[in-house]
Amino acid sequence: ATVAANTPAAGETGTWTIISGSGATLSNANSPTATFTKGIDSTYVLEWTIAGLCGTSRDTLNLLFPAPAGTTCGQTINYAGESYPSVQIGIQCWFSKNLNVGTMINASNDQTQNGNIEKYCYNNNPVNCATYGGLYQWAEAVQYQNGASNSTSPSPAFTGNVRGICPTGWHLPSDVEYCTLTTFLDATVNCTVFNWSGTDAGGKMKSLSGLWFPPNNATNSSGFSALPGGYRATNGTSYDMVVNTYFWSSSESSSTIAISRLLGYLNSNIFRNL
């Protein structure tokens, strides 16, 4: 979109500020007719401020972009230059490919709330992102909604779906939604313990791509197609590629600990992880 605002008089300056909406850019934040490029959201609020010797004036601009057409489960979703197949598992619809969205930053740095999605690639190698998907800190994954950080719980607490870094119409799974998935695959999974449980839900979720270290007991009968992408530790070091994978949920157990799911190469079952 090309925005349009009053031109500052001599001795005045004008500045655009993106008040809400993620991942957008402006060709020139000081031009009244700048080009605005949307990010992952459909709605944005901008503010144009003119400042000079006589004071400051400002106005807001609301931008609404058409939302993408609805998706039938089983179709491929195009998002930020990548294509993601979807798969029906029970009553739920899941991506069957890891997200790889955002700009890669060095794993020695924390991801920050800066209006742009950031990702880590295992061992700082972009090839690993292309193969296994991006790695994210929890706060980045939920996109700092309701003030959430890696050490602060959202306030108010999350209710309903948390879109986070997902495309429009999709969201990060909650702990309860992972329970629905895994108990559909294996009725013996225990969703209340933080431990390995069940019999074969993990094997049913692991890809047959050949990327898992043996023995992996993978059948991928669910079509979930989980890959062993490892994780980025808080010290910035990458661990566990080809042997483990971890999936964030939008749910917390404390202000500094979020709940995830772990699949391991040695296990056919699944781990509810802290």
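Figured I'd write up the structure that's included with this text. No experiment lies behind these values; they were computed from the predicted model shown.

1. Topic: the overall build of the protein chain
Point 1. Counting its secondary structure elements, the protein chain contains four helices and 16 strands.
Point 2. Structurally, the protein chain occupies a C-alpha span of about 70 × 40 × 35 Å along its principal axes.
Point 3. Here the protein chain holds 274 residues, and the buried ones make up 44% of them.
Point 4. Long-range pairs, those at least 24 residues apart, make up 45% of the contacts in the protein chain with a sequence separation of at least 6.
Point 5. Of the roughly 13,300 Å² that the protein chain leaves accessible, carbon and sulfur atoms contribute 52%.

2. Notes on the packing of aromatic side chains
Point 1. Scanning all chains against the criterion turns up twelve aromatic pairs.
Point 2. Judged by centre distance (4.6 Å) and plane angle (55°), the ring pair of Phe95 and Trp170 falls under tilted. With a gap of 75 residues between them, Phe95 in strand E8 (residues 92-95) and Trp170 in the loop between helix H2 (138-141) and helix H3 (175-185) connect regions that are remote in the sequence. With respect to class, Phe95 is no different from Trp170; both count as buried.
Point 3. Summarising the aromatic geometry, the rings of Trp138 and Phe158 are spaced 6.2 Å apart at their centres and angled 45° between planes, so their arrangement reads as tilted. In this pair, Trp138 is assigned in helix H2 and Phe158 in the loop between H2 and H3, connecting sequence segments 20 residues apart.

3. Digging into a nonpolar patch on the surface
Point 1. A contiguous nonpolar surface patch, about 240 Å² in accessible area, is contributed by Phe194, Ile257 and Leu274.
Point 2. Along the chain, Phe194 falls in the loop between H3 and strand E11 (196-197).

4. Remarks on the pairing of strand E16 (residues 270-273)
Point 1. A two-sided burial pattern is seen for E16, the buried positions comprising Ile270 and Arg272 on one face and Phe271 and Asn273 on the other.
Point 2. Summarising the sheet, E11 and E16 pair through two bridges and their orientation is antiparallel. Across the sheet, residue Trp196 finds its bridge partner in E16, namely Phe271.
Point 3. Note: strand E15 (residues 257-264) against E16, three bridges, orientation antiparallel. If you follow Ser260 over to E16, its bridge partner there is Asn273.

5. Remarks on the nonpolar core
Point 1. One finds Leu99 and Val142 to be the most contacted residues of the largest nonpolar core, which totals 19 residues.
Point 2. For this core, the elements supplying multiple residues, two or more each, are strand E6 (76-79) and H2.
Point 3. If we ignore the near neighbours within four places in the chain, the residues touching Leu99 are Tyr79, Tyr84, Gly133, Gly134, Tyr136, Ile165 and Cys166.
Point 4. Of all hydrophobic cores here, the second largest spans 16 residues; its members include Ile89, Trp94, Leu185 and Val189.

6. What about the sheet that holds strand E14 (residues 244-254)?
Point 1. Ordered by their spatial adjacency, four strands build an open sheet running E11-E16-E15-E14, and the pairing between neighbours is antiparallel. Single-partner strands in this sheet number two, and they are E11 and E14.

7. Re the side chain of Glu140
Point 1. For Glu140, the position within the fold is in helix H2.
Point 2. Lacking a salt bridge, the buried Glu140 has Arg232 as its closest oppositely charged neighbour, with an N-O distance of 11 Å.
Point 3. At 2.8 Å, the side chain of Glu140 forms a polar contact with the backbone nitrogen of Glu118.
Point 4. Not counting the four nearest positions on each side in its chain, Glu140 is found in contact with Gln111, Thr112, Asn116, Ile117, Glu118 and Ile165.

8. A short note on the pattern of salt bridges
A side chain with one charge can pair with a side chain of the opposite charge if their charged atoms come near.
Point 1. Per the counting criterion, the structure on display carries six salt bridges.
Point 2. In this structure, Arg58 engages Glu47 in a salt bridge whose closest nitrogen and oxygen atoms are separated by 3.6 Å. Of this pair, Arg58 sits in strand E5 (residues 55-64) while Glu47 sits in strand E4 (residues 43-52), and the two are eleven residues apart along the sequence.
Point 3. Assessed through its relative accessible area of 52%, Arg58 is described here as exposed.
Point 4. A salt bridge links Asp175 to Arg261, with the shortest nitrogen-to-oxygen separation between them at 2.8 Å. Here Asp175 is found in helix H3, whereas its partner Arg261 is found in strand E15, with 86 residues between them in sequence.
Point 5. We classify Arg261 as buried; its relative accessible area is 4%.
Point 6. Each of Asp175, Arg261 and Arg272 takes part in one network of salt bridges that share partners.

9. Overview of the sheet that holds E5
Point 1. Read across the open sheet, the three strands follow the order E1-E4-E5; overall the sheet is antiparallel. Of all strands in the sheet, those with a lone pairing partner are strand E1 (13-20) and E5, marking the two edges. On average, each strand axis in the sheet is tilted by 20° relative to the strand beside it, whichever way the strands run.

10. Observations concerning empty space enclosed by the protein
Point 1. Per the counting criterion, the structure on display carries one cavity of 30 Å³ or more.
Point 2. Space inside the largest cavity adds up to approximately 30 Å³.

Rules used in this analysis
Residues numbered from 1 in each chain as written. Predicted model: local features only at pLDDT ≥ 70, side-chain atom pairs only at ≥ 80, totals over all residues. Heavy atoms only, no water. Helix = DSSP H or I, 4+ residues; strand = E, 2+ residues; numbered from the N terminus. Buried < 20%, exposed > 50% of the residue type's maximum accessible area, 1.4 Å probe, protein only. Contact = heavy atoms within 4.5 Å. Areas by Shrake-Rupley, 256 points an atom, 1.4 Å probe, with all protein chains shown as cover. Phe/Tyr/Trp six-rings, centres within 6.5 Å; stacked < 30°, edge-to-face > 60°. Patch = residues over 30% accessible without salt bridge, like charges linked within 9 Å, V, L, I, M, F, W, Y side chains within 5 Å. Salt bridge = Lys/Arg side-chain N within 4 Å of Asp/Glu carboxyl O. Pairing = 2+ DSSP bridges. Core = buried A, V, L, I, M, F, W, Y, C linked by side-chain atoms within 4.5 Å. Lys, Arg positive; Asp, Glu negative; His and termini not counted. Polar contact = N/O pair within 3.5 Å; in protein donor to acceptor, adjacent residues only side chain to side chain. Axes fitted to C-alpha atoms, helices over the stretch in contact; angles between N-to-C directions. 1 Å grid on protein atoms, 1.4 Å probe; cavity = no way out; pocket = protein on both sides within 12 Å on 5 of 7 lines; lining within 4 Å. Points joined across faces, edges and corners; volume = space filled by probe spheres on them.

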